[in-house]
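Structural features, examined
Residues per chain are reported as follows:
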Amino acid sequence: MWTKLAHIILKHRTILVIVLALVTAFMGYHAKDVKYSFRLAEIVPHEDPDNVYFREFKKQFGEDGNIIAVGVRDSSIYKVDNFRNFGYLCKALGELPGVVNVLGLPNLKKLEKNTKAKKFELQPIFPDYPEDQDVLDSLLNGAASLQFYSGQLINKENGATLILVTLDNDILDTEDRIDLMWDVVDVGEEFEKQTDIKLHYSGLPYARSVNMRTVKKELNLFLILSIVVTGIILFLFFRSFKAVIFPLIIIGVIVVWVVGTLSLFGFEITILTGLIPPIIVVIGIPNSVYMLNKYHQEYAKHGNQMRALSTIIRKIGIVTLITNFTTAVGFLVLLSTDITILREFGIVAGINILATFFVSIILIPAVYSYVSPPSSRHLKHLEFKFLNAFLSLLDDLVHKQKTLVFITTTVIVVVCIFGMLKIQSNSYLIDDLPEDSPMIQDLRFFEKNFSGIMPLEVVVDTGRKKGVQNIRNLQKIDEFEAFLDSCTYISQPVSVVSFIKAANQAYYNHLPQFYTIPSGRDRTFILRYLSEDSDEDGISQAFVDSIGQKVRISLKVADIGSVKMDSLINDVIQPRMDQIFGDTKMEAKITGTTPLFIKGNKFLIDNLLTSMVIAFIIIALIMVILFRNFRMIVISLIPNMIPLIITAGIMGYFSIPLKPSTAIIFSIAFGISVDDSIHFLAKYRQELFAQKFSVPIAVSYSLKETGASMIYTSIILFFGFVIFAASEFGGTIALGVLTSLTLLFAMLTNLIVLPALLLRFDTGKRNQNAHPLIEKYPEFYDEGEDEEIDLEQIKVDSRNS
């Protein structure tokens, strides 16, 4: 089969190159239509009950993650001129397209009772901006006495205040959100220039926009770095510009295919799918390395270019196909998850890794058939003294120090298992940024002064229509809100109860001690607020459903990490909530972006770990099909499990948490690292037949021939993944560094532990009547059979091309 394929590829190489060019042009045409994703990734399955409930909540009460907070803590803000500019800032923010509401100290309103109309009216606290400091101070004191705003917009202890900018829901998931964010920042910077007062920004829309801008910048950076790094390494290995340019052309073709695939499938560029092009550059190059190394080895033997090119296809075609398939498995297993963003990442990466094989197996022989054969200078790497000396050292080590290898490996594995047990799973809503980054510093500002900015919601179902007007229900909700207000990391709650208490305070001339649930005597008049036209800002609609049965309690919480957040919600809030409402007909449920994030984080990690197990099973089955020998299967898998254990141990000892960006490492790295085992074992099986089943000789020959390619590819993979350490995101840094280390460890285990295992446990005996799949291919033809290949036909076609 592979001999015939070699003839077809070399005979019809011009046509095949044209076909690939046309396919690439087709993919490039569709690639222009691909778009970046501006939607918040849905991690929890669409049909999950909590996700369904949250969607119903947003339909009923509106979006909970559509607010940008602009904060300031500077006493000079309360000077006449600066306060006026602060008011102009609020006005300018409100005029931006896409902003539906701005709430800040300069435009605050308070309830005033209209005794004639028997209703409350909302009146501005600052009808105009005073020119006199004493007048301004008096108005500010009046604003500070309004308990409703205390802890929400004003920190009475240190004078910090903030502006809440509500965005139009229609632009949250579009590119317009990015433009709006920078418009907000531009307006803020103008205020800073005029007043020399620093502003702080936070909120989910702002964080998502800043992250997306960084992602777009980094995607281009990583693609350029991956090309430059792999190009330099290829040149250092092969000392030939052709060995750099042609492999990079192949990778360039696949990168175009990746973007075209995204467009054809209707996928968008996310933080994950955006990593595929640089990953493809890194993973795809080893194909070229193995093929070029084999080409140079064969040409050095006999000096026949076409025969050497034919041998590339025949000798390592099946193994390269299998290794590409196992690598693709590491990505394709993500299809087993119920998470859209992972499924898209897995299918696009998996398909194009497989495509890399077909492009490589066609273009490498085809392109090199058109250029001059390698010169002696290009073949010098075959006699690289340092590399040959290193491989000889490894050969001596595995032959003479097998026991030392096994003891050392066992000690390392045991130590790393203890480290692995220390791993904790933890992630943050605004994750992976360094502590000194402006966004994290601004986030800390809001957590310190206002208990946080992340949305948390509670819905209380009173059990009947107009249940919100029942005084006992209101008192229960007030009791629960008092508990929430006492919790660390949580802001003062806002609900219809807050407005009723504010109405009671307004009824008693804004005296702070009357910020309470109204007594029975006053209740009838004050509760009329809910239905009168004084609710011009739509307060009731935002916090009470249309039939007055459900009440929304809105909170802001610090971004304390999924572990603490889970404990806060399930071990602190939920038990107290059950206790307060347990003896009533009322039911309360926690929802919002924050709790859904916690559930999504757990779900994501569980899915990634499951996908790793599936990848292990599939690759083990591939080994069964290839070798049909239980001992060989175990021997092949052990060297590839050890690096995963070592990496997990490092994570535990260095307190690197298990989160989506680190959990994904294991299935990907396992799929890549097993390639070296397959290459080595394929060569080992070949040498066993050639050396009359002498295991020591077969191991030595295999180590010396495949060892160089394994080292070359591992170095490329190491430096290719380590470029992600240049990211601003901690998760991407961890992905790059840990994957690089895992693949480096895998190289060492496949060069040392695998040969040692073969020497100790493989007898070399084979059942003459049982032939594993891998032995049925020309990979195992001996040199005599090579002479039967019709090279003359290829040569004739070469001259006619």
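In this convention, every chain numbers its residues from 1, walking through the sequence in written order. With the structure being a predicted model, the display of local features is reserved for residues of pLDDT at least 70 and the display and counting of side-chain atom pairs for 80 or more, all residues being used for whole-chain, interface and lining totals. The side-chain numbers reported here are obtained from all heavy atoms of the structure, hydrogens and water having been left aside.

Examining the sheet that holds strand β2 (residues 99-103)
- Within the open sheet, the 4 strands sit side by side as β2-β5-β1-β6. Their pairing is antiparallel. Edge strands, defined here as strands with exactly one partner in the open sheet, are β2 and β6 (200-202). Shown here is a sheet whose adjacent strand axes are inclined to one another by a mean of 20°, direction ignored.
- Here the rule is simple: two strands pair whenever DSSP picks up at least two bridges between them. Every helix listed is a DSSP run of H or I at least four residues long, and every strand listed is a run of E at least two residues long, numbered separately from the N terminus. Taken together, the 3 bridges between strand β1 (residues 67-72) and β6 define a ladder with antiparallel strand orientation. By the bridge assignment, Ala 69 is partnered in β6 with Ser 202.
- Its contacts with the sheet put helix α7 (residues 204-238) on β1, β5 (161-167) and β6, and the angle it makes with β1 is roughly 95°. Orientation is described by lines fitted to C-alpha atoms, with helices fitted over the stretch in contact, and by angles between N-to-C directions that extend from 0 to 180 degrees. Throughout, a residue-residue contact means that at least one pair of heavy atoms, one from each residue, lies within 4.5 Å.

Observations regarding the pattern of salt bridges
- By definition here, a salt bridge exists when the distance from a side-chain nitrogen of Lys or Arg to a carboxyl oxygen of Asp or Glu is within 4 Å. Per the stated rule, a full pass over the model turns up 20 salt bridges.
- With a shortest N-O distance of 3.5 Å, Lys 301 and Glu 298 are connected by a salt bridge. Within this pair, Lys 301 and its partner Glu 298 are both found in helix α9 (residues 276-302), separated by 3 residues, close to a single helical turn.
- Put simply, Glu 479 and Arg 576 hold a salt bridge, and the shortest N to O gap is 3.4 Å. Placement of Glu 479 in helix α15 (residues 471-486) and of Arg 576 in helix α19 (residues 562-581) is noted, with a sequence separation of 97 residues between them.
- Only protein chains enter the accessibility calculation, which uses a 1.4 Å probe; a residue whose area is less than 20% of its type maximum is buried, one above 50% is exposed, and one in between is partly exposed. Its relative accessible area of 24% is what places Arg 576 among the partly exposed residues.
- Here the salt bridges do not stand alone but share partners, grouping Lys 294, Glu 298, Lys 301, Lys 683, Glu 687 and Glu 705 into one network.

Details of the packing of aromatic side chains
- Planes of paired rings set the category: under 30 degrees apart is stacked, over 60 is edge-to-face and the rest tilted, where pairs are Phe, Tyr or Trp rings (Trp by its six-membered ring) whose centres lie within 6.5 Å. Counting across every chain of the model gives 28 aromatic pairs.
- For the pair Phe 83 and Phe 126, a centre-to-centre distance of 4.9 Å together with 50° between the ring planes defines the contact as tilted. Remark: Phe 126 occurs in the loop between β4 (119-124) and α5 (133-144) and Phe 83 occurs in helix α4 (residues 80-94); sequence separation between them is 43 residues. With respect to burial, Phe 83 and Phe 126 carry one shared label: buried.
- In this structure an aromatic cluster arises from ring pairing among Phe 83, Tyr 88, Phe 126 and Tyr 129.
- Between the NZ or CZ atom of Arg 213 and the centre of the ring of Trp 182, over which it lies, the distance is 4.2 Å. Any Lys NZ or Arg CZ that is within 6 Å of a ring centre and within 35 degrees of that ring's normal is treated as a charge sitting over the ring.

Focus on unusual backbone geometry
- Despite not being glycine, Asp 196 has its phi angle at roughly 60°, a positive value.
- Residue position: Asp 196 is located in the loop between α6 (176-195) and β6.
- The exposed category is assigned to Asp 196, whose relative accessible area is 69%.
- Phi angles above zero are rare outside glycine, and Asn 509 is one such case at about 60°.
- Looking at the secondary structure, you find Asn 509 in the loop between α16 (496-507) and α17 (520-526).
- With a relative accessible area of 57%, Asn 509 lands in the exposed category.

Description of helix α1 (residues 2-11)
- By the burial criterion, the buried members of α1 are Trp 2, Thr 3, Ala 6, Ile 9 and Leu 10. Buried positions in α1, seen along its axis, are confined to an arc of 125° and lie on one side of it. Working note: the arc is built from the helix axis to C-beta atom directions.

Topic: the packing of helix α3 (residues 49-61) against helix α20 (residues 593-627)
- Between α3 and α20, the least distance of the axes is 11 Å, while the angle of their chain directions is 160°. Considering the angle they form, α3 stands roughly antiparallel to α20. Here α3 and α20 pass one another in a crossing that is left-handed. When α3 is examined against α20, the residues Asp 50, Asn 51 and Phe 54 are found in contact with a partner set consisting of Thr 593, Leu 596 and Lys 599.
- Just so you know the grouping, Ala, Val, Leu, Ile, Met, Phe, Trp, Tyr, Cys and Pro go in nonpolar, Asp, Glu, Lys and Arg go in charged, and all remaining residues, Gly too, go in polar. Residue composition of the contact of α3 with α20, by class: 2 nonpolar, 2 polar and 2 charged. Working definition: roughly parallel below 35 degrees, roughly antiparallel above 145 degrees, roughly perpendicular at 65 to 115 degrees, and oblique for all remaining angles. Crossings are classed by handedness, with left-handed meaning an anticlockwise turn of the near helix from the far one by less than a right angle and right-handed meaning a clockwise turn.

Some points on the environment of Thr 261
- In this fold, Thr 261 is placed in helix α8 (residues 242-264).
- The spatial distance from the C-alpha of Thr 261 to the C-alpha of Thr 174 is 22 Å, given a sequence separation of 87 residues.
- If we ignore the near neighbours within four places in the chain, the residues touching Thr 261 are Met 27, Val 348 and Asn 352.

Brief notes about the sheet that holds strand β8 (residues 550-557)
- Across the sheet, which stays open at both edges, the 3 strands sit in the order β8-β7-β9 with antiparallel pairing between neighbours. Since the sheet does not close on itself, it has two edges, and those belong to β8 and β9 (587-591), each with one partner. Ignoring strand direction, the axes of neighbouring strands in this sheet form an average angle of 20°.

Quick word on the pairing of β1
- Burial analysis of β1 places 5 of its 6 residues in the buried class, which makes it a mostly covered element.
- Here 6 bridges tie β1 to β5, and the two strands are oriented antiparallel to one another. Looking at β5, one finds that Gly 71 is bridged to Leu 162.

Some points on the confidence of the model for the chain
- Residue-level pLDDT values for the chain average 84, and 93% of them are 70 or greater.
- Residue-level confidence of the predictor is what pLDDT reports, using numbers from 0 through 100. Every residue in residues 778-793 is under pLDDT 50, and counting partners more than four places away or in other chains gives 37 contacts.
- This stretch, residues 795-801, has a pLDDT under 50; its non-local contacts, to residues over four places away or in other chains, come to 9 contacts.

Focus: the environment of Val 187
- Along the chain, the position of Val 187 falls in helix α6.
- The spatial distance from the C-alpha of Val 187 to the C-alpha of Ala 92 is 7.1 Å, given a sequence separation of 95 residues.
- Here Val 187 is in contact with Leu 89, Ala 92, Leu 93 and Leu 96, once residues within four sequence places are set aside.

Some thoughts on the side chain of Lys 501
- In this structure, Lys 501 sits in helix α16.
- Overall, Lys 501 belongs to the buried group, its relative accessible area being 13%.
- Those residues in contact with Lys 501, other than ones at most four positions away along the chain, are Asp 478, Phe 514, Tyr 515, Thr 516 and Ile 517.

Digging into the packing of α8 against α9
- Direction vectors running N to C along α8 and α9 enclose 140°, while the axes themselves pass 9 Å from each other. Taken together, the axis directions place α8 and α9 in an arrangement best described as oblique. Taken as a pair, α8 and α9 cross one another with a handedness that is right-handed. Judged by residue contacts, Ala 243, Pro 247, Leu 248, Ile 250, Ile 251, Ile 254, Val 255 and Val 258 of α8 engage Ile 276, Pro 277, Ile 280, Val 281, Gly 284, Ile 285, Ser 288 and Leu 292 from α9.
- Its residues assigned to classes, the contact of α8 with α9 shows 14 nonpolar, 2 polar and no charged.

Re a negative patch on the surface
- A cluster of acidic residues, Glu 175, Asp 176, Asp 179, Asp 183, Asp 186 and Glu 189, forms a negative patch on the protein surface.
- Mapped onto the elements of the fold, Glu 189 is located in helix α6.
- Accessibility expressed as a relative area gives 36% for Glu 189, which makes it partly exposed. Patches here are clusters of residues that have more than 30% relative accessible area and form no salt bridge, with a 9 Å joining cutoff for like charges and a 5 Å cutoff for nonpolar side chains (Val, Leu, Ile, Met, Phe, Trp, Tyr). Each accessible area is a Shrake-Rupley result for a 1.4 Å probe, and residues are judged covered by the shown protein chains and nothing else. We score Asp and Glu as negative and Lys and Arg as positive, and we do not count His or the chain ends. Every charge is mapped to an atom, namely NZ of Lys, CZ of Arg, CG of Asp or CD of Glu.

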